[in-house]
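Understanding the architecture of this molecule
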Amino acid sequence: MDTEAQHTERDRSSGEEERSRSARVSGTDGPDGDADRDMNPEADSAADQDPEPGRGGALTWRRTGLIGLACMVFLLVFSHFVLQPFLVPSSSMEPTLQVGDRILVNKLAYRFGSEPRRGDVVVFDGTGSFLQEEPAGNPVTGLLHDAAAALGLAEPDETDFVKRVIGTGGDRVVCCDKDGRLTVNGVPVPEYYVKLGDRPSNVPFDIVVPDGTLWVMGDHRSQSSDSRDHLGQPGGGVVPVEQVIGRADWIGWPVGRWSTVPDTDAFDAVPRWTGPGGHG
């Protein structure tokens with residue numbers, strides 16, 4: 001009897017263990033399965049991992065590329081309408097501007113009714129005045145060059161120039177008087193911005209500037225090709241006001257040259273020209 005009782009007790013406990021094991025296994029899929037998952041954090045970690053390991057990195061690079069492209073488009077639009085960097089390619093404006101300076105050209109300076117004044121340093125398109133026709137070139141490389149130039153990363157187009165306004169519409173500009181000075185409307189101009197050692201001009205001239213145009217010259221007179229060099233050509237060396245891109249207001253690069261482009265009071269005493277060919 002004792003042996004049968006022991007067997008019966010053993011069978012009963014085996015059955016209870018089977019039911020308990022069954023309950024534990026089925027419990028992983030039932031409402032109480034969270035308890036088992038809490039006991040197995042490694043399973044949770046594996047389940048939370050991205051099924052595509054490279055996808056996150058690809059999205060990050062794509063997002064970075066889109067942000068970079070958007071910034072580039074913004075800078076191009078900003079430089080086209082508001083403020084354009086301009087790389088100074090020659091010594092024609094020394095000492096005011098040095099070769100390699102990046103000047104910031106204010107395109108809003110003359111957009112709302114204002115016009116260039118005597119003494120302003122301006123950037124202009126010389127097509128039709130300094131150059132009779134635009135140089136031919138590859139349109140694709142030209143587009144890339146224009147984009148780089150708009151950001152100040154490349155030299156400007158061959159048609160773009162930077163000079164100082166000496167005379168505006170109606171002014172009579174003469175060089176030189178008996179003392180070797182340039183005069184505007186009969187008044188000698190103290191051109192302290194001219195490169196030390198340069199004369200006001202080695203080429204004599206006497207011109208009344210037509211309305212709507214500008215007479216421009218470089219500060220480094222002996223190294224500047226400007227209005228003087230185009231007197232005998234169509235247009236007479238003057239630049240139409242509508243060809244002015246903007247006014248050079250700041251030097252943005254290199255860091256040691258950070259400054260505004262200096263104003264000048266050299267023309268403060270100049271009156272309007274009222275003689276022949278001018279207007280009052």
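Let me begin by describing the structure that accompanies this report.

Rules of the game
Residues numbered from 1 in each chain as written. Predicted model: local features only at pLDDT ≥ 70, side-chain atom pairs only at ≥ 80, totals over all residues. Heavy atoms only, no water. Helix = DSSP H or I, 4+ residues; strand = E, 2+ residues; numbered from the N terminus. Buried < 20%, exposed > 50% of the residue type's maximum accessible area, 1.4 Å probe, protein only. Contact = heavy atoms within 4.5 Å. Areas by Shrake-Rupley, 256 points an atom, 1.4 Å probe, with all protein chains shown as cover. Disulfide = S-S within 2.5 Å. Pairing = 2+ DSSP bridges. Salt bridge = Lys/Arg side-chain N within 4 Å of Asp/Glu carboxyl O. Core = buried A, V, L, I, M, F, W, Y, C linked by side-chain atoms within 4.5 Å. Phe/Tyr/Trp six-rings, centres within 6.5 Å; stacked < 30°, edge-to-face > 60°. Lys NZ or Arg CZ within 6 Å of the ring centre and 35° of its normal. Polar contact = N/O pair within 3.5 Å; in protein donor to acceptor, adjacent residues only side chain to side chain.

Along the backbone of the chain there are 5 helices and 12 strands. Classification of the 280 residues of the chain by burial places 33% in the buried group. Long-range contacts, defined as pairs at least 24 residues apart, comprise 71% of the intrachain contacts of the chain with a sequence gap of at least 6. As presented, the chain carries roughly 17000 Å² of accessible surface, and 56% of it is formed by carbon and sulfur atoms.

In this structure the tally under the stated criterion is 1 disulfide. Put simply, Cys 175 and Cys 176 are joined by a disulfide, and their sulfur atoms are 2.0 Å apart. Taking the sign of the torsion about the S-S bond as the criterion, the disulfide between Cys 175 and Cys 176, at about 40 degrees, is right-handed.

Of all 8 residues that make up strand 4 (residues 160–167), 8 are buried, and the element is covered over most of its length. Note: strand 3 (residues 121–125) against strand 4, 5 bridges, orientation antiparallel. Residue pairing in the sheet places Phe 124 in a bridge with Phe 161 of strand 4. Here strand 4 runs beside strand 9 (residues 213–217); their pairing, made up of 3 bridges, is antiparallel. Bridge pairing in strand 9 places Gly 167 opposite Trp 215.

The next thing to look at is the pattern of salt bridges. Once the charged atoms of two side chains with opposite charge are near each other, the side chains can pair. Applying the stated criterion to the full structure yields 11 salt bridges. The partner of Arg 172 in a salt bridge is Asp 206, with the nearest N and O atoms 2.5 Å apart. With a gap of 34 residues between them, Arg 172 in strand 5 (residues 172–175) and Asp 206 in strand 8 (residues 205–208) connect regions that are remote in the sequence. Within this structure, Asp 177, Lys 178, Asp 179 and Arg 181 form a network of salt bridges that share partners.

Considering soluble globular proteins, one finds that nonpolar side chains tend to be buried as a cluster. In terms of nonpolar packing, the biggest core is built from 17 residues, with Ile 166, Val 173, Leu 182 and Trp 215 touching the most fellow members. Among the secondary structure elements, those contributing two or more residues to this core are strand 5, strand 6 (182–184), strand 8 and strand 9. Counting residues in each nonpolar core, the second largest holds 12 residues, with Met 93, Val 123, Ala 248 and Ile 251 among its members.

For the structure shown, the criterion picks out 5 aromatic pairs. Aromatic side chains Phe 205 and Trp 215 sit 5.0 Å apart centroid to centroid with 35 degrees between the ring planes, which places their arrangement in the tilted category. You can see Phe 205 sitting in strand 8 and its partner Trp 215 sitting in strand 9, a full 10 residues away along the chain. Of the two residues, Phe 205 and Trp 215, both sit in the buried class. Three or more aromatic residues joined by ring pairs make a cluster, and in this case those are Phe 124, Phe 130 and Phe 161. When the ring centre of Tyr 193 is taken as origin, the NZ or CZ atom of Arg 164, which lies over that ring, is 4.1 Å away.

Turning our attention to the side chain of Thr 264. One can find Thr 264 in the segment after strand 12 (259–260). At a separation of 3.1 Å, a polar atom in the side chain of Thr 264 contacts the main-chain amide nitrogen of Ala 266. Sequence-distant contacts of Thr 264, defined by excluding residues within four places in its chain, comprise Gly 119, Arg 164, Tyr 192 and Tyr 193.

The next point concerns the sheet that holds strand 8. Sheets are built from strands that pair by backbone hydrogen bonding, the pairs being arranged parallel or antiparallel. Read across the sheet, 4 strands follow the order 7-6-5-8 without closing on themselves; strand pairing throughout is antiparallel. Both edges of this open sheet fall to strand 7 (187–188) and strand 8, since each of them pairs with a single strand only. By the bridge criterion, 3 bridges tie strand 5 to strand 6 in an arrangement that is antiparallel. Across the sheet, residue Cys 175 finds its bridge partner in strand 6, namely Leu 182.

By themselves, these figures tell us nothing about what the structure is for.
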